[in-house]
Amino acid sequence: MSSYLDRLLASALVSLLALAMPGIASALPDDREQPIHIEADEALRDEKQGFTRYKGNVKMDQGSLHIEADQITIYHVGEEADRILATGKPAHLQQQPDPAKGLIKARAETIEYMKNEQRIELRKSAHIEQDGSIVTGESIDYLIDQQLVKAGSALGDDSSRVQVVIPAQALDDKEADSGKTASE
């Protein structure tokens, strides 16, 4: 039973996090081909330092991807975005991964996508959910290439422990797929 729940948890975490950022997994087919729209109170592009920073009630959309943050900084090498950093109290991200699946919703004080490292980090009060499955913790890291997910709590703080909610329907669906019962 324990290994079954471990596999189910790992599967839920990978599914949630793999779909949380653009270009990482299968979003709606035309998301990556859509233009990026950004609204903010101010913008600063520093060619010499290699970044563009948007501040003040920032909203970014690309297809079904929607990010709201106090600040979004896009670091670039040439014209290609290398790293995206969204910060807020909290920053919010949502995306429709597939017409047949529920909306992915994530929030954290810091959401960072590092393209070259193929890594997503949610820091400080991290929360991600889809179809009733929820993972929360002080931090959530996803190493895309390795399909490795790690959720952590603040060391020494019992109130910030990692929490996972797997809806009963997901357990029933997995058991039906494997032909096993919950008592096995």
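Residues numbered from 1 in each chain as written. Predicted model: local features only at pLDDT ≥ 70, side-chain atom pairs only at ≥ 80, totals over all residues. Heavy atoms only, no water.

**Some words on the packing of aromatic side chains**
And then number 1: Across all of its chains, the model carries one aromatic pair by this definition.
And then number 2: With 6.2 Å between their ring centres and 50° between their planes, Phe51 and Tyr75 make a pair best called tilted. Of the two residues, Phe51 is situated in strand S3 (residues 51-62) and Tyr75 in strand S4 (residues 65-77); the sequence distance between them amounts to 24 residues.
And then number 3: Its guanidinium or amino end placed over the ring of Tyr75, Arg83 lies 3.9 Å from that ring's centre, counting from NZ or CZ. (Phe/Tyr/Trp six-rings, centres within 6.5 Å; stacked < 30°, edge-to-face > 60°. Helix = DSSP H or I, 4+ residues; strand = E, 2+ residues; numbered from the N terminus. Lys NZ or Arg CZ within 6 Å of the ring centre and 35° of its normal.)

**So, the side chain of His127**
And then number 1: Of note, His127 is situated in strand S7 (residues 119-130).
And then number 2: A distance of 2.8 Å separates a polar atom in the side chain of His127 from a polar atom in the side chain of Glu129.
And then number 3: In this structure His127 touches Lys105, Ala106, Arg107, Leu122, Ile134, Val135, Thr136 and Ile140, once residues within four positions along its chain are discounted. (Polar contact = N/O pair within 3.5 Å; in protein donor to acceptor, adjacent residues only side chain to side chain. Contact = heavy atoms within 4.5 Å.)

**A few points about the pairing of S4**
And then number 1: Two strands pair when backbone bridges link them, and S3 and S4 are joined in this way by ten bridges, in the antiparallel orientation. Bridging across to S4, Phe51 finds its partner in Tyr75.
And then number 2: Connecting S4 to the antiparallel partner strand S5 (residues 80-95) that follows it, the hairpin turn spans two residues, and Gly78 within it adopts a positive phi of roughly 65°. (Pairing = 2+ DSSP bridges.)

**With respect to unusual backbone geometry**
And then number 1: For the bond from Lys89 to Pro90, the omega torsion is 0°, close enough to zero to count as cis.
And then number 2: With respect to the helices, strands and loops of the structure, Pro90 is situated in strand S5.
And then number 3: Despite not being glycine, Ser125 shows a phi value in the positive range, around 60°.
And then number 4: Tracing the chain through its elements places Ser125 in strand S7.
And then number 5: Given a relative accessible area of 45%, Ser125 falls into the partly exposed group. (Buried < 20%, exposed > 50% of the residue type's maximum accessible area, 1.4 Å probe, protein only.)

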